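A structural walkthrough
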Amino acid sequence: MKIFQYGCGKMSVYTMRYAIEKGYEIVGAVDINTDVIGKDIGEIMGIDKQGVIVSDVKDAEKLLTELKPDCVIVTTMSLLKDVEEALMLCAKCGVNAITTCEEAFYPINSNPNLTKKIDELAKQNNCTITGSGYQDAFWGNLITTLVGASHNITKIKGSSSYNVEDYGIALAKAHGAGLTKEEFEEKIASADEISDEERNKIIESGEYAPSYMWNVNGWLCDKLGLTVISQTQKCVPQFNSYDIESSTLGMTVKKGMATGMSAVVTTKTKEGITLETECIGKVYNKDEFDRNEWTVYAEPDTTLVIEKPATVELTCASIVNRIPDVIKAESGFVPTSRMGELKNRR
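Attention in this report is confined to the structure presented alongside it. (Residues numbered from 1 in each chain as written. Predicted model: local features only at pLDDT ≥ 70, side-chain atom pairs only at ≥ 80, totals over all residues. Heavy atoms only, no water.)

**Remarks on the overall build of the protein**
Inclusion rule: To qualify as a helix, a DSSP run of H or I must reach at least 4 residues; to qualify as a strand, a run of E must reach at least 2; elements of each kind are numbered from the N terminus. C-alpha atoms define the radius of gyration in this analysis, and the globule rule sets the expected value at 2.2 Å times the number of residues to the power 0.38. Only protein chains enter the accessibility calculation, which uses a 1.4 Å probe; a residue whose area is less than 20% of its type maximum is buried, one above 50% is exposed, and one in between is partly exposed.
Tallying secondary structure elements over the protein gives 11 helices and 15 strands in all. Taken over the C-alpha trace, the protein has a radius of gyration of 20 Å; the compact-globule value for 346 residues is 20 Å, and the two agree within 12%. Seen through its C-alpha atoms, the protein measures out along the principal axes to roughly 55 × 45 × 40 Å. The 346 residues of the protein split such that 53% are buried.

This is the structure we're talking about:
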């Protein structure tokens, strides 16, 4: 099986190595970063040279046409509009693609028009586009498995935390880290203080900025066959009672300043089941660590807690393990909620 890597940053170190160790062949790679272009992919992974040189992203269409890979792995940005060029190119070339883009996990409920645009082009050229990653297992399939073992469900509640220091300055700023309470309210929280009608207009325009759980709730409802009546999002600042250093922001986040935020998404369904999920991204202190906790309120109540998950590695393994599902799936933009369970491929 031939794999093409689109984006050769931190995530690609694992996606390429995992693909090679599964017996796949990396036939090409592209990036926008001049520090990476011209390097052998083995150098990026920290292993022996593989004889594949990273090309400029401008050459992506030519390479995809010539190499005809079985699947493209896109590891670049977090919003669908930011990976539009890459996914549309794959659809144009008739090449299957899977991306780590968080919104692409279930973009139908946050950017429906762009999703439809990608879907139509992929169908025309008989290929499949999807999004996967950490959430496929830890916010998705694990939760639906718990639901399958429950009776008389009334609520699904989830919470997942991560250190913004691990993901760069853009993400840290997007989470409001380093802002005063007043600045957070103006720049972050106010975006969600709108009516459902206003939110729907923004979603239709393609300019809505969903938290990770916005798309996860849509995925869960799709997988579970639930009908969404309403969905809201609220961003809440996180604070420390003492000063904390942030190497990513290059500053001291003082007491009373936001260390990040919690984005809470509440979804009500026709079937009477409520989903209340949150993702907490902030500058950690020395005693904090990633944590994933979900409770299914039913008969009986069941809670799942996972501490210190290796989010990057788990994301990349999920991507590589999903490749056979992508290749077998119907053409179009197909969320993994319609591809069956996530399985390890040897």
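**Looking at the sheet that holds strand β7 (residues 151–163)**
For clarity, the cut-off: Two strands pair under a simple rule: DSSP has to find at least two bridges between them. Every axis corresponds to a line fitted to the C-alpha atoms, with the helix fit spanning only the stretch in contact, and the corresponding angles, defined between N-to-C directions, vary from 0 to 180 degrees. Note on definitions: a residue-residue contact is assigned when non-hydrogen atoms from the two residues lie within 4.5 Å.
Read across the sheet, 6 strands follow the order β8-β11-β12-β7-β13-β14 without closing on themselves; strand pairing throughout is mixed. In this open sheet, the two strands that pair with only one neighbour each are β8 (228–239) and β14 (302–307). Neighbouring strand axes in the sheet, compared pairwise and without regard to direction, differ in orientation by 10 degrees on average. Lying over the sheet, helix α6 (residues 134–148) contacts β7, β13 (291–299) and β14, oriented at roughly 20 degrees with respect to β13. Together, β7, β8, β11 (258–269), β12 (274–282) and β13 form the strand contacts of helix α10 (residues 212–224), whose direction differs from that of β12 by roughly 150 degrees.

**Topic: the packing of helix α1 (residues 10–21) against helix α11 (residues 311–328)**
Using the following cut-off: Roughly parallel means an angle under 35 degrees; roughly antiparallel means over 145; roughly perpendicular covers 65 to 115; every other angle is labelled oblique. Handedness of a crossing follows from how the near helix is turned relative to the far one, being left-handed for an anticlockwise turn of less than a right angle and right-handed for a clockwise one. Here the nonpolar group is Ala, Val, Leu, Ile, Met, Phe, Trp, Tyr, Cys and Pro; Asp, Glu, Lys and Arg are the charged ones; every other residue, Gly included, is treated as polar.
Between α1 and α11, the shortest axis-to-axis distance is 9 Å and the interhelical angle comes to 45 degrees. With respect to α11, the axis of α1 lies oblique. As for how α1 packs across α11, the hand of that crossing is right-handed. Facing Lys10, Met11, Tyr14, Thr15, Tyr18 and Ala19 of α1, the residues of α11 in contact are Val312, Glu313, Thr315, Cys316, Ala317, Ile319 and Val320. The residue makeup of the contact of α1 with α11, split by class, is 9 nonpolar, 2 polar and 2 charged.

Shape is all these values report; function is a separate question.
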